[in-house]
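The chain contents come next:
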Amino acid sequence: MYDKIVSFAKRRAFVYPSSEIYGGLSAIYDYGHYGILLKDNIKNAWWKHMVQLREDVYGLDSAVFMNPKTWVASGHVESFDDPQIDCKKCKARMRADHILEEHGIMADRETIEFVNQKLDELKEQGKLKCSACGSTELTKAKRFSLMVKSNLGSPTEALSEKNVVYLRPETCGGIYLEYKNIVATLHPKLPFGVAQAGKAFRNEIVARQFIFRTREFEQMEMQYFQKPEDMKKNYEMWKEIRWNWYLEYGIPADKIRWAKHEKLVHYASEAHDVEYNFASLGGFKEVEGIHARGNWDLTRHSKFSGVDLNFLDEETKERFIPHIMETSVGLNRLLLMFLDNAYTEEEVNGEKRTVLKIDKKLAPIKAAVFPLLKNKPELVKKAREVYEDLRQNMMTEFDDNGNIGKRYRRQDEIGTPYCITIDFDTLENDTVTLRDRDSMNQERTPVKDLKKKLLKEYGCEI
Ligand code: ATP
């Protein structure tokens, strides 16, 4: 299934490996025509539920570069790393915590000493092997920083500690830094949230699971600021909102589950992941994290910047640093999840049909318009008219290539919910055939009702 999804994503212009003509660049991908459309639709679906339908959440788009002190305050410079081990024989690089996990030892956020001690125990039991070649000759684990460095300012100066800036490893840092401006300009009452979607960068040790784990990716995060006593209630509320979001966009309830973090960082009071059962990756894997983080982030930024980040409660006149819970999800991971869930191969009249049964609201192309015959100018003219009208409101394709069956198959593969065919009857009575992607049923529909019907289907009635 993994190979199928990867080759399908490339063949149908969803995801291309980056820099292919130069031999590629590990764990970096580009998004093609249908890929961007799908990615934007997922992002908009997230934005709709996290911002548009909320009176208490504001949007933000902060920069990728931030003052480097940000990442000292957040603890990233000191300890945002994973334990790395290498195979001495085949030079494969592995994450030691992942190897321990395979043997039932949870080593997330553990010290390097703990990781090495557990690796030694596995070695003594003859269980420690290279996951690529099976060799038992492995190096000790060492810390591998995930921070990606860059330099700004003097182009001639080499990268040094003096001029280093980091490409943000997560988007929420920008939210903490703009918290003061948001409070001063939007005057929110507690609780309130700030949401943003944008690029993040991590120097991942191993990244060989297609777009599941990449070194450049997009996160969508929402930080919810509140009084400490409201945390439990709000945490449960957001868990429910996020769970329902997956169902709303067609992910079956039995393909997702909650995974509770047993070991928490010292400032956190609760953390859960949403895990999705990836057929392409062989099981349940994290797509989203929901974390109750206490007042740690703002306290640290207040301390390191020297700026007062207290919130003044107008009613009680109390000043305090709000507590934060966050929802944090990877957009690229979600795109893989939706492809994984929707990719279907089935047999229709003895022939194989590949169809992307993706939620209609997320489909990259909403409608495709075909003239029955390419060489009949009156059909082409009418089809062009319908196409021009629809594409004012939704992504629409015009296709007059090959026979109708082939055109249906092309649209099925990219998940287009409706195909519209203009035939000779259209010229007589102004109706078209409207063909449904999933049921493959065709019904005659008056041209005048088409747009309204489709828009209603996509949740934007006019
Ligand atoms: P993991 O354990 O998979 O490395 P994490 O626990 O470090 O992830 P968070 O820091 O909580 O992840 O990030 C929140 C979300 O961002 C993740 O649930 C995931 O969807 C996404 N994400 C994190 N790292 C990557 C990456 N390298 N590539 C793609 N998406 C990522």
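Here, residues in each chain are numbered from 1, in the same order as that chain's written sequence. Since the coordinates come from a predicted model, pLDDT governs what is reported: local features require at least 70, and pairs of side-chain atoms require 80 or more to be given and counted, while whole-chain, interface and lining totals use all residues. Hydrogens and water are ignored here; the side-chain numbers use all heavy atoms of the structure.

### Things to note about the packing of aromatic side chains
Right, on to step 1. To pair, rings of Phe, Tyr and Trp, with the six-membered ring standing in for Trp, must have centres within 6.5 Å; the planes then decide the type, stacked if under 30 degrees apart, edge-to-face if over 60, and tilted in the middle. The final tally for this structure, using the stated rule, is 19 aromatic pairs.
Right, on to step 2. Look at W245 and F338: their rings are 6.1 Å apart centre to centre, the planes differ by 65°, and that puts the pair in the edge-to-face class. Taken together, the positions of W245 in helix α8 (residues 231-248) and F338 in helix α10 (residues 331-342) put the pair 93 residues apart, joining distant regions of the chain. Both residues of the pair, W245 and F338, belong to the buried class.
Right, on to step 3. With a centroid separation of 4.3 Å and an interplanar angle of 15°, the aromatic rings of Y267 and W296 are classed as stacked. Remark: W296 occurs in helix α9 (residues 296-305) and Y267 occurs in the loop between β11 (256-260) and β12 (270-278); sequence separation between them is 29 residues. Numbering of helices and strands starts at the N terminus; helices are DSSP runs of H or I of at least 4 residues and strands are runs of E of at least 2. Between buried and exposed lies partly exposed: a residue is buried under 20% and exposed over 50% of the maximum accessible area for its type, with that area taken using a 1.4 Å probe on protein chains only.

### Topic: the sheet that holds strand β6 (residues 142-145)
The strands making up a sheet associate through hydrogen bonds between their backbones, and the pairing can be parallel or antiparallel.
Right, on to step 1. Strand order across the open sheet formed by three strands is β5-β4-β6, with antiparallel pairing between neighbours. Strand pairing shows two members of the sheet lacking a second neighbour, β5 (93-95) and β6, which therefore form its edges. Sheet twist, expressed as the mean angle between neighbouring strand axes with direction ignored, is 50°.
Right, on to step 2. Note that strand β4 (residues 81-86) and β6 share four bridges and pair antiparallel. Bridging across to β6, Q84 finds its partner in K142. We treat two strands as partners when DSSP finds at least two bridges between them. Every angle, taken between N-to-C directions, lies between 0 and 180 degrees, and every axis is a line fitted to C-alpha atoms, over only the stretch in contact when it is a helix.

### So, the site of the ligand
Right, on to step 1. Lining the immediate environment of the ligand, one finds 15 residues, of which E204, R213, T214, E286 and V287 sit closest.
Right, on to step 2. Here a polar contact means two N or O atoms within 3.5 Å. Within protein one must be a hydrogen donor candidate and the other an acceptor candidate, and residues neighboring in sequence count only if both atoms are side-chain atoms. Contact distances for the ligand include 3.3 Å between an oxygen atom and a side-chain N or O atom of Q219.
Right, on to step 3. The backbone of G330 places a nitrogen or oxygen atom 2.9 Å from an oxygen atom of the ligand.
Right, on to step 4. Note on areas: Shrake-Rupley, 1.4 Å probe, and residue coverage restricted to the protein chains presented here. In the complex, 85% of the free accessible area of the ligand, which totals 590 Å², lies under the protein chains.
Right, on to step 5. Put simply, the parts of the chain that give the shell around the ligand at least two residues each are β10 (216-226), β13 (283-294) and β16 (323-330).
Right, on to step 6. Ranked by the residues each element gives to the shell around the ligand, the list is headed by β13, at four residues.
Right, on to step 7. Polarity classes work like this: nonpolar for Ala, Val, Leu, Ile, Met, Phe, Trp, Tyr, Cys and Pro, charged for Asp, Glu, Lys and Arg, and polar for all others, with Gly in that last group. Along the lines of polarity and charge, the residues of the shell around the ligand split into four nonpolar, five polar and six charged. If a single non-hydrogen atom of a residue is within 4 Å of a molecule or strand, that residue counts as near it.

### As for the domain arrangement of the protein chain
Right, on to step 1. Domain start and stop positions are those given by an automatic or database domain assignment. We note that the domain assignment places domain 1 (2-71 + 155-340), domain 2 (81-145) and domain 3 (365-457) within the protein chain.
Right, on to step 2. Counting residues at the interface gives eight residues for domain 1 and seven residues for domain 3.
Right, on to step 3. Interface of domain 1 and domain 3: buried area, both sides summed, is about 630 Å²; carbon and sulfur atoms make up 51% of it.
Right, on to step 4. By buried area we mean how much accessible surface two parts lose on assembly, using a 1.4 Å probe and totalling the loss over both. Sorting the residues of domain 1 by area buried against domain 3 places R12, Y34 and L37 first, and these three jointly supply 62% of that buried surface.
Right, on to step 5. The working definition used for a salt bridge is a side-chain nitrogen of Lys or Arg within 4 Å of a carboxyl oxygen of Asp or Glu. Counting across the domain 1 and domain 3 interface gives two salt bridges.
Right, on to step 6. As a salt-bridge pair, R12 and E413 come within 3.2 Å of each other at their nearest N and O atoms. Residues count as neighbours in contact if any of their non-hydrogen atoms are within 4.5 Å of one another.

### Some words on the packing of helix α1 (residues 2-11) against α10
Right, on to step 1. Put simply, α1 and α10 touch, their axes get as near as 11 Å, and they point 105° apart. Considered as vectors, α1 and α10 are oriented roughly perpendicular to each other. Residues I5, F8 and A9 of α1 form the contact with α10, whose participating residues are L336, L339 and D340.
Right, on to step 2. Of the residues assigned to the contact of α1 with α10, the class counts are five nonpolar, no polar and one charged. Angles are sorted into four bins: roughly parallel if under 35 degrees, roughly antiparallel if over 145, roughly perpendicular if 65 to 115, and oblique for all others.

### Here's the deal with the nonpolar core
Right, on to step 1. In plain words, nonpolar cores are sets of buried Ala, Val, Leu, Ile, Met, Phe, Trp, Tyr and Cys residues tied together by side-chain atoms within 4.5 Å. In terms of nonpolar packing, the biggest core is built from 56 residues, with F14, I42, W245, Y246, L334, M337 and F338 touching the most fellow members.
Right, on to step 2. Setting aside anything within four residues of it in sequence, one finds M337 in contact with Y246, I251, Y276, F278 and V287.
Right, on to step 3. Core analysis: the second largest hydrophobic core is formed by 20 residues, L379, L390, F398 and V447 among them.

### Things to note about a nonpolar patch on the surface
Right, on to step 1. What makes a patch is a set of residues exposed beyond 30% relative accessible area and free of salt bridges, joined within 9 Å when like-charged and within 5 Å when nonpolar (Val, Leu, Ile, Met, Phe, Trp, Tyr). On the surface, L372, L373, F424 and L427 cluster together into a nonpolar patch covering about 290 Å² of accessible area.
Right, on to step 2. Within the element layout of this structure, L373 appears in the loop between β19 (367-371) and α11 (377-390).
Right, on to step 3. Given a relative accessible area of 34%, L373 falls into the partly exposed group.

### A short note on the pairing of strand β22 (residues 431-436)
For a regular strand, the rule is simple: side chains alternate between the two faces of the sheet.
Right, on to step 1. Within β22, six of the six residues are buried, leaving the element largely enclosed by the surrounding structure.
Right, on to step 2. Residue alternation in β22 divides its side chains into two sets, T431, T433 and R435 and V432, L434 and D436, and both sets are buried.
Right, on to step 3. The pairing of strand β21 (residues 418-422) with β22 spans four bridges and is antiparallel. Bridge pairing in β22 links C419 to R435.
Right, on to step 4. Where β22 and strand β23 (residues 442-446) come together, five bridges link them in antiparallel fashion. Bridge pairing links T431 to P446 in β23.
Right, on to step 5. In this antiparallel pair of consecutive strands, β22 and β23, the connection spans five residues, and M440 shows a positive phi of 60°.

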